[in-house]
Amino acid sequence: MSAAAAAKAATSTGPSSLVVFGRVALLGVGFMVGSVKATNAQSARDAALRAALKERTDKLSAIEAEKAPPVLVADAKPSTAVLTSAAAEAAVRDDRAGAVSTFVGTTRGTFEGKVVVRLEYEAYEAMARKQLATLCRTVRAKHPNVLHMAVHHRLGVVAVGDASVVIAVSSAHRKEAIEACHFAIDELKATVPIWKREVYADGSTWKANCDLALETRTYEAHYTCCVDNHAPRGLDYDVDEVSDMVTQKIVLRHPPITMVSGKKNLSNPMRELKVHKLVLNCCVGESGDRLTRAARVLEQLTGQTPVFSKSRLTIRTFGIRRNEKISTHVTVRGEKAEEILERGLKVKEYELQSRNFSNTGNFGFGINEHIDLGLKYDPTTGIYGMDFYIVLKRAGTRVSKRRRCKSSVGKVQSVSKEDSMKWFQAKYDGIILN
C-alpha cells in the first residue's frame, strides 16, 4: 500500500473510532451515576429502618418504664439519728398501695425481772448487708403481692425506749402487708447476723440473732434495704454501698435462690433419706388360677396393675418349668408407697431383724396374710402372703440414671446399712432385733 492510500485509510477510519469510544465513555459514566443513585437509595432505606426501629424501641422502653417504676432507695440519715417509723413508711409509699404495715422494735426497760440500762448492737458489715438483701428476696418470693419493703436496723448504743428495728411493707391489701411484715421480723431474727449486748444494772450479756461465728465490730449506722415488687420476676439482686451510711440498693443480677423455709434450717435437705420405691412380690410357685388370684390381691391393695415374673430355671422337684409364670409383683412410689409401708410395718409391730437390712441401705420383710393389711377376706380368693422390699435414696441419685449428662454419684450420697437402720428407728420409732 502506498503512503497516500494509508493516509486515506487513516483519514476515513479516524472519526468512526472516536465516535465509538465516546459512546463507550458515555455508557460508563451513566453506569456510575446509576450505581451512585442506587447506593443513595439503599442508604436512605437503611436510615429509615434504623429510625423506625429506634422509635419502636423507645416506645417499648417507655411502656416498660410505666410497668416497672425505678427501685426505691431510702433517704440517707445521719449515723447518730434515732430510727423512726415515718422514714420507713415514706420509703414504701405508693399510690397503688391500699395498706402499709409497720413494725417497730423498741428497747424495753425490764427483762426477766432485771432492769435494762441500754442495748448495744454489733455486726459484721459485709455479711449483714448480704443477709438483709436475702431477707428482702425471701419476703418477695413468699409474698409476691408486696409492692415495697423497707428494713431499718440500728447499730451501736440504743437507749431504753428507742427503736432498734423498723420494718415497713406496702401492698394493695392489708392481709399481704401484715403477713409479710410478720414474716420479715421473724426471718430477720433467724438469719441476719447481728449481735446484741444487753446491759443490765447488775451486769451484761451477749445475744445473737443467729448461731454464726462473726468478727464483731462497732458501727454507728443504719442498715436500709428496699425492694420493689415491680421488678421483672425471676431476677436476683445485689447490693451497692451508698454514702457513709450502709444502704442497700437493689440491682438486677441473677436468678433468685429459693430458701427451704422461713426459719433457719440447720439440716441439709440433700442428705435426707426418702422412700424411692416399694416393691410388693407374691410368689405362688406355679401358673394358673392361684397366680391370677394373687395378682388380684396386689391390684386391690395398690390400685395398680401387677406384672408377672417367669422362672429362669427348670426345677423338677417343685414342678417348675423354665419361662413359666410363677410370681407377680408391683412397684409403688410416692405417698401410696409410704402408706402401704406403714400398714405392713404395723403388722410386724414395727420390729425388724438387723438381717432385714442390706449393705446398700435397703430393707425388706414379709407378711403371712394379706388380710392383715386391711383387705376384706374373700373365700373365692383365699389368703396370700407377700414380700415387702423398700429402696431408700437420697436426692441427686437420678444423675446416674438419666439419659443426658449422665454422671456418677459420690459415696457421700450413697446409703449405708446404718443409715437405713437409723432412718427406720427415727421415722417409725422402730425396734431392731439382733
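Residues numbered from 1 in each chain as written. Predicted model: local features only at pLDDT ≥ 70, side-chain atom pairs only at ≥ 80, totals over all residues. Heavy atoms only, no water.

Visitor: Looking at this model, I keep getting lost on the sheet that holds strand β15 (residues 325-332). Mind explaining?
Guide: Note on sheets: strands pair through backbone hydrogen bonds, and any given pair is parallel or antiparallel. Spatial ordering of the open sheet is given by β14-β15-β13-β18-β17, a layout of five strands whose pairing is antiparallel. Each edge of the open sheet carries a strand with a single partner, namely β14 (307-310) and β17 (363-367). Shown here is a sheet whose adjacent strand axes are inclined to one another by a mean of 25°, direction ignored. The pairing of strand β13 (residues 273-283) with strand β18 (residues 386-394) spans eight bridges and is classified as antiparallel. Note on β18: the bridge partner recorded for L273 is R394. (Pairing = 2+ DSSP bridges. Helix = DSSP H or I, 4+ residues; strand = E, 2+ residues; numbered from the N terminus. Axes fitted to C-alpha atoms, helices over the stretch in contact; angles between N-to-C directions.)

Visitor: Before we go on, may I ask you to explain the pattern of salt bridges in this structure?
Guide: Pairing is possible between side chains that carry opposite charge, provided their charged atoms lie close to one another. Counting across every chain of the model gives eight salt bridges. One salt bridge in this structure joins K196 and E198, with 3.3 Å as the shortest N-O distance. According to the relative accessible area criterion, E198 is buried, its value standing at 6%. R290 is the partner of E286 in a salt bridge, and the nearest nitrogen-oxygen pair spans 3.6 Å. Relative accessible area serves as the criterion here: at 33%, E286 is assigned to the partly exposed category. One salt-bridge network, in which partners are shared between bridges, spans R118, E120 and R197. (Salt bridge = Lys/Arg side-chain N within 4 Å of Asp/Glu carboxyl O. Buried < 20%, exposed > 50% of the residue type's maximum accessible area, 1.4 Å probe, protein only.)

Visitor: Just checking my understanding: could you explain the confidence of the model for the protein for this structure?
Guide: Detailed conclusions should not be drawn from predicted coordinates in areas where pLDDT is low. Of all residues in the protein, 71% attain a pLDDT of 70 or more, and the chain-wide mean is 74. Segment residues 67-80: pLDDT under 50, and 29 contacts once partners within four positions in sequence are set aside and those in other chains are kept. Note on residues 210-266: pLDDT under 50 across the span, and 154 contacts to partners over four residues away in sequence or across chains. (pLDDT = per-residue confidence, 0-100. Contact = heavy atoms within 4.5 Å.)

Visitor: Whenever I open this one, the packing of aromatic side chains confuses me. Can you help?
Guide: Note on aromatic pairs: each is described by the distance of the centres and the angle between the planes. Under the criterion given, the structure shown has seven aromatic pairs. Taken together, a centroid distance of 5.2 Å and an interplanar angle of 35° make the contact between F357 and F363 tilted. Here F357 matches F363 in class, with each residue buried. Ring plane angle 10° and centroid distance 4.9 Å describe the contact between F365 and F388, whose orientation is recorded as stacked. Placement of F365 in strand β17 and of F388 in strand β18 is noted, with a sequence separation of 23 residues between them. The buried category is assigned to F365, whose relative accessible area is 6%. Taking the relative accessible area as the measure of exposure, F388 reaches 1% and is therefore buried. Here the aromatic residues F357, F363, W423, F424 and Y428 are joined through ring pairs into a cluster of three or more. (Phe/Tyr/Trp six-rings, centres within 6.5 Å; stacked < 30°, edge-to-face > 60°.)

Visitor: Whenever I open this one, helix α4 (residues 174-191) confuses me. Can you help?
Guide: A turn of α-helix holds 3.6 residues, and therefore any two residues three or four places apart point the same way. For α4, which comprises 18 residues, the first-to-last C-alpha distance of 26 Å matches the rise-based estimate of 26 Å (1.5 Å per residue) to within 8%. All buried positions along α4 are accounted for by E176, A177, A180, C181, F183, A184, I185, E187, L188, A190 and T191. (Expected span 1.5 Å × (residues − 1).)

Visitor: Before we go on, may I ask you to explain the pairing of β18 in this structure?
Guide: Consecutive side chains of a regular strand alternate in pointing toward one face of the sheet and then the other. Two elements, β17 and β18, share five bridges in a ladder whose sense is antiparallel. Bridge pairing in β18 places F363 opposite I390.

Visitor: I'm lost on the environment of E342 in this one. Help?
Guide: With respect to the secondary-structure elements, E342 resides in helix α6 (residues 334-347). Through-space distance from the C-alpha of E342 to that of Y428 is 8.4 Å; in sequence the pair is 86 residues apart. Residues contacting E342, with those up to four places away along its chain left out, are Y350 and Y428.

Visitor: How should I be thinking about a nonpolar patch on the surface in this particular structure?
Guide: There is a patch of nonpolar side chains on the surface, built from L313, I315 and F318 and spanning about 330 Å² of accessible area. You can see F318 is positioned in the loop between β14 and β15. (Patch = residues over 30% accessible without salt bridge, like charges linked within 9 Å, V, L, I, M, F, W, Y side chains within 5 Å. Areas by Shrake-Rupley, 256 points an atom, 1.4 Å probe, with all protein chains shown as cover.)

Visitor: Hey, could you run me through the environment of E351 in this one?
Guide: Within the secondary structure layout, E351 lies in strand β16 (residues 351-353). Sequence-wise, E351 and D429 are 78 residues apart; in three dimensions their C-alpha atoms are separated by 9.5 Å. Residues in contact with E351, not counting those within four places in the same chain, are I431 and L433.

Visitor: How should the nonpolar core be read in this particular structure?
Guide: Across soluble globular proteins, nonpolar side chains have a tendency to be buried as a group. The biggest cluster of nonpolar side chains holds 35 residues, and the ones touching the most others in it are F365, M386, F388, I390 and W423. For this core, the elements supplying multiple residues, two or more each, are β13, α5 (289-302), β15, α6, β17, β18 and α7 (417-428). If we skip the residues at most four places from it in the chain, F365 touches L341, G344, L345, K348, L352, N356, M386, D387, F388 and I390. Counting 27 residues, the second largest nonpolar core, distinct from the first, contains V151, A184, L188 and Y200. (Core = buried A, V, L, I, M, F, W, Y, C linked by side-chain atoms within 4.5 Å.)

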